[in-house]
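Coordinates in review
Each chain is listed here by its residues.
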Amino acid sequence: MRSFLTVAAVAGMVATVAIPAFAAADRGDAAQARTLQQVSADDAQSLVVASEGSPATLERGGYSATTPEEIEKAKAKEAAEKAAKAALAARLAASSKARTSSSDSSSSSGSSSSFSSDVPLVSPGSGTVRRPLAHFDNFGRPYAGHKGTDYMVGRGEPIYAVADGTVVASSESGPGWGVYVKIAHNIGGVRVTSLYAHMNWGTRRVSVGDTVSVGQLIGQVGDTGRANGTHLHLEIRINNGYTNAESWLQANAG
Ligand SMILES: [Zn+2]
């Protein structure tokens, strides 16, 4: 019984350490993710657990092992996992570079070139202004000093440009925004900027200077930067003054 528990604990740990590589390397590609799990876990049960786990759970994860022997075992297993992950990450980086370089040079900036390819490139709907999300659950509660609207939506949801424009910022290290994109628009002669924050790592599809069309895929929802949970933080400025993003969308989005 005790040895079974130890195996279970180690298997659980394998599952939790396997996910970050999965997340960083290529979250959306089931085939590659499966390969990763096969490389890093020899236990079919933990393979299923790992593929269904959410990244949020691994931050809370710890070792179930308690005795020095168990901890040593867990550490050795973890080291083996790290080596396997590094090898796989290198392979994925090489293949993803080859995949993106021919079609979209703007998206292949180092490690940020790995993202799922099964996301619609254009948002539903029509009009000069469109919503940045195909759907969302609800708004976040406003608070003092908060200049945007928070849309509660799951990790990986595609984010689309709200209007035609030019990318003026695209970074993985925004102040509080984490991974974010900012686009400048000319809408009926009025200068409008839209800012999309807390994107998932490696999901930006645009670089500074890129021209984007309304409804064009620019990134995917995450929780980078100062964020408690996955959501899109959207800021709209008109002639450099903040406006209520949701009110603006309700008035303008087609
Ligand atoms: Zn916000």
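The structure presented is a predicted model; accordingly, all values stated were derived computationally and were not measured.

When helices and strands are tallied, the chain shows 6 helices and 10 strands. Taking all 254 residues of the chain together, 44% fall into the buried category. Put simply, of all contacts in the chain between residues at least 6 apart along the chain, 65% involve residues at least 24 apart. Total accessible area on the chain is roughly 12900 Å²; 54% of this is exposed by carbon and sulfur atoms.

In this structure, His198 is a non-glycine residue whose phi angle is positive, near 70°. Within the secondary structure layout, His198 lies in strand S6 (residues 190–199). Even without glycine at this site, Asn239 takes up a positive phi of about 50°. Considering the arrangement of structural elements, one finds Asn239 in the loop between strand S9 (231–238) and strand S10 (241–243).

Here we come to helix H6 (residues 245–252). Those residues of H6 that fall on the buried side of the exposure criterion are Ala245, Glu246, Trp248 and Leu249. Looking down the long axis of H6, one finds its buried residues gathered within 160° of arc, a one-sided arrangement. Along H6, exposed side chains directed more than 90 degrees from the buried face belong to Gln250 and Ala251. Tucked into the core, H6 has its buried residues touching strand S1 (138–139), strand S2 (149–152), strand S5 (178–187), S6, S9 and S10. Of the residues that open H6, the one with a side-chain oxygen 3.0 Å from the backbone nitrogen of Glu246 is Asn244.

A few words on the pairing of S6. Where burial is concerned, most of S6 is hidden: 8 out of the 10 residues are buried. Where S5 folds back onto S6 in an antiparallel hairpin, the turn is made up of 2 residues, including Gly188, whose phi is positive at roughly 60°. As paired strands, S6 and S9 are joined by 6 bridges and run antiparallel to one another. If you follow Val192 over to S9, its bridge partner there is Ile238.

Ligation of the zinc ion by protein atoms is provided by His146 (NE2), Asp150 (OD) and His233 (ND1), these donors lying 1.9 to 2.1 Å from the ion. Spacing between the donor residues of the zinc ion along their common chain follows H-x3-D-x82-H. With His146 in the loop between S1 and S2 and His233 in strand S9, this pair connects stretches of sequence that are 87 residues apart. Looking at His233, the relative accessible area reads 5%, which means it is buried.

Relative to the helices and strands, Ser194 is located in strand S6. Within polar-contact distance, the side chain of Ser194 engages the side chain of His185 at 2.7 Å. Setting aside chain neighbours within four positions, we find Ser194 in contact with Val162, Val181, Lys182, Ile183, His185, Leu234, Glu235 and Ile236.

What follows concerns the nonpolar core. Ranked by size, the top nonpolar core spans 26 residues in total, and within it Tyr196 and Ile218 carry the most contacts. Counting residues per element, the ones that place at least two in this core are S5, S6, S9 and H6. If you tally residues by element for this core, the top one is S5, at 4 residues.

Inspection of every chain in the model, using the stated rule, returns 4 aromatic pairs. Their ring planes at 70° and their centres at 5.5 Å tell us that Phe139 and Tyr151 sit as a pair that is edge-to-face. Separated by 12 residues along the polypeptide, Phe139 in strand S1 and Tyr151 in strand S2 bring together distant segments of the chain. Residue Phe139 is classed as partly exposed on the basis of its relative accessible area of 38%.

Conventions used here
- Residues numbered from 1 in each chain as written.
- Predicted model: local features only at pLDDT ≥ 70, side-chain atom pairs only at ≥ 80, totals over all residues.
- Heavy atoms only, no water.
- Helix = DSSP H or I, 4+ residues; strand = E, 2+ residues; numbered from the N terminus.
- Buried < 20%, exposed > 50% of the residue type's maximum accessible area, 1.4 Å probe, protein only.
- Contact = heavy atoms within 4.5 Å.
- Areas by Shrake-Rupley, 256 points an atom, 1.4 Å probe, with all protein chains shown as cover.
- Arc of directions from axis to C-beta.
- Polar contact = N/O pair within 3.5 Å; in protein donor to acceptor, adjacent residues only side chain to side chain.
- Pairing = 2+ DSSP bridges.
- Donors = N, O, S within 2.8 Å, 3.2 Å for Na, K, Ca; no water.
- Core = buried A, V, L, I, M, F, W, Y, C linked by side-chain atoms within 4.5 Å.
- Phe/Tyr/Trp six-rings, centres within 6.5 Å; stacked < 30°, edge-to-face > 60°.

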